[in-house]
Amino acid sequence: MALYDVILFGASGFTGSLALEFLLQKPGLKFAICGRNREKLEKKIDGASSKPDVFVLDVVSASQDDVEEVVKKARCVATAIGPFVEYGEPLVKACAKLGVDYVDTSGESTFFRMMIDKYDAQAKESGARIVVHCGQDCVPWDLMVWKLWKHLGSELTGVKILAEMKSRPSNGTLQTAMLNMKSKPPRGGLGFDPLYLVDGKKSEYGTKVTLPKGSQFYQEVGANGSPWVMGPVMANAVRRTNAVLQMAPDLEYHEALLDSSDVGMTGMFQVAFGMSMYLPFTMGLWRRLGALPEEGGGPSREEMAQGFLTVTGYASTKAKSPSCKGVMKFYTDPGYKDTARMFVEAALALNDLPKAERAGGVLSPAAACAEKLFDRLVAGGTTWELTEL
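Procedures and definitions
- Residues numbered from 1 in each chain as written.
- Predicted model: local features only at pLDDT ≥ 70, side-chain atom pairs only at ≥ 80, totals over all residues.
- Heavy atoms only, no water.
- Helix = DSSP H or I, 4+ residues; strand = E, 2+ residues; numbered from the N terminus.
- Buried < 20%, exposed > 50% of the residue type's maximum accessible area, 1.4 Å probe, protein only.
- Contact = heavy atoms within 4.5 Å.
- Areas by Shrake-Rupley, 256 points an atom, 1.4 Å probe, with all protein chains shown as cover.
- Core = buried A, V, L, I, M, F, W, Y, C linked by side-chain atoms within 4.5 Å.
- Expected span 1.5 Å × (residues − 1).
- Disulfide = S-S within 2.5 Å.
- pLDDT = per-residue confidence, 0-100.

Novice: What is the right way to read the overall build of the protein chain from this model?
Specialist: Looking only at helices and strands, the protein chain has 14 helices and 17 strands in total. Taking all 389 residues of the protein chain together, the buried fraction comes to 55%. A sequence separation of at least 24 residues applies to 76% of the contacts in the protein chain between residues at least 6 apart. Summing over all exposed atoms, the protein chain offers an accessible surface of approximately 16600 Å²; the carbon and sulfur share of this is 49%.

Novice: Which parts of the structure should I look at to understand the nonpolar core?
Specialist: Taken as a class, soluble globular proteins show a tendency for nonpolar side chains to be buried jointly. The biggest cluster of nonpolar side chains holds 113 residues, and the ones touching the most others in it are Phe 9, Val 103, Trp 141 and Leu 143. Non-local contacts of Leu 143, meaning those with residues more than four positions away in its chain, are made with Met 328, Ala 366, Ala 370, Leu 373, Phe 374 and Leu 377. Leu 162, Tyr 218, Leu 258 and Tyr 314 belong to the second largest nonpolar core, which has five residues in total.

Novice: What is the right way to look at the environment of Met 342 in this model?
Specialist: Within the secondary structure, Met 342 sits in helix α13 (residues 337-352). Ignoring anything within four residues of it in the chain, the contact list for Met 342 reads Cys 134, Gly 135, Gln 136, Val 139, Pro 140, Phe 330, Pro 334, Leu 373 and Leu 377.

Novice: Before we go on, may I ask you to explain the environment of Arg 376 in this structure?
Specialist: Assignment of secondary structure puts Arg 376 in helix α14 (residues 365-379). A relative accessible area of 23% places Arg 376 in the partly exposed class. Counting along the chain gives 34 residues from Arg 376 to Met 342, while the straight-line C-alpha distance between them is 8.8 Å. What Arg 376 contacts, discounting residues up to four positions off in sequence, is Lys 26, Arg 341, Glu 345, Leu 348, Ala 349 and Asp 352.

Novice: Sorry if this is basic, but what is going on with helix α9 (residues 231-245) here?
Specialist: Each turn of an α-helix holds 3.6 residues, which means side chains three or four residues apart point in the same direction. In this model, α9 (15 residues) spans 21 Å end to end at C-alpha, consistent with the 21 Å of a helix rising 1.5 Å per residue. In terms of residue burial, α9 counts as a mostly covered element, since 13 of its 15 residues are buried. Gln 246 occupies a position one or two residues after α9 and carries a positive phi of about 55°.

Novice: Help me out: how do you make sense of the state of the cysteines in this one?
Specialist: One way to say it: the disulfide is the covalent bond shared by the sulfur atoms of two cysteines. Taken as a whole, this structure holds zero disulfides when the rule is applied. Not part of a disulfide, Cys 134 finds its nearest cysteine sulfur in Cys 369, a span of 6.5 Å.

Novice: Help me out: how do you make sense of the confidence of the model for the protein chain in this one?
Specialist: Atomic detail in the predicted coordinates should be set aside for any region of low pLDDT. On average, residues of the protein chain score 89 in pLDDT, and 86% of them reach the 70 mark or higher. Residue range residues 266-283 is modelled with pLDDT below 50. Its contacts to residues more than four positions away, or to other chains, number 31 contacts.

This is the structure:
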């Protein structure tokens, strides 16, 4: 029997520390934290009125047996240890084997595909809900498509999402982006994209993704939008959700970031990343130019307080395009502070959701726990509005 509702891995890191703050605000929650350095972990909880238990473990160098000894104590593992393609697999492997739920802050499509290919069947058998992409990447976009589908049902044929945000990247975010750019989608032994793997075969519910190739005018909002670095990752979460939930057989999906957004990078750097162009420059040069944060750093508290995210989704049906729009708003920095909140609420949403109501597997957020996660986010300050057009 699990001793803890949640065990948080990476609690001394930038995003993990923010997640720890949210967990400490949850009355009655039984949780523990885990990391490589006890001194750093103890410092993070110094002064807390009710201190969580502390485990010391390096999930990369530890044996799989040692990882499992910690994991089996939890109902849900929550990890912010990235890059996930390098450090994430031991926890997924343990959770899939033991039937323990899992959430992470990954924005890495390659990792998501690998985990589906390797552990989806085992997780389904054990009952583990392995939920990847539980932060800004990709909860708001994934939930937007799900909410429009819940409103329109089988009438839904497509979703266009236009987002505006103010956020600042950390060094880890940009390292993740570069990994995404360099990585090619693995096929493994399936012969098809693992995002479409459902019950051992390829789902018939495909998603056609179109992303802008440069800045273009969007009549819906009377403004220009452009590609951005995480657009393909959001689209991949939607692909997985559609394949699992069977929302629309040939769903059309488009998204852009409005040019009014401020994502903390120079315009040239942002466009280059968004179009997945090869950049013959070093990370050091970009830092000296002020386009990247210093290694190990992240936005200040003041910068996070000024951040926001507005995600507007336009839904199309066979009869009308667009037929309605949804607007979801986040009122603080989405990349870190609200990512930590989304991540924590995803873990607690799985705690709320009996395994009999949602089968195991390697899943996107909406496919795993959409309704309970959405309700938790709205209760915590996110707003939602649906308008017929």
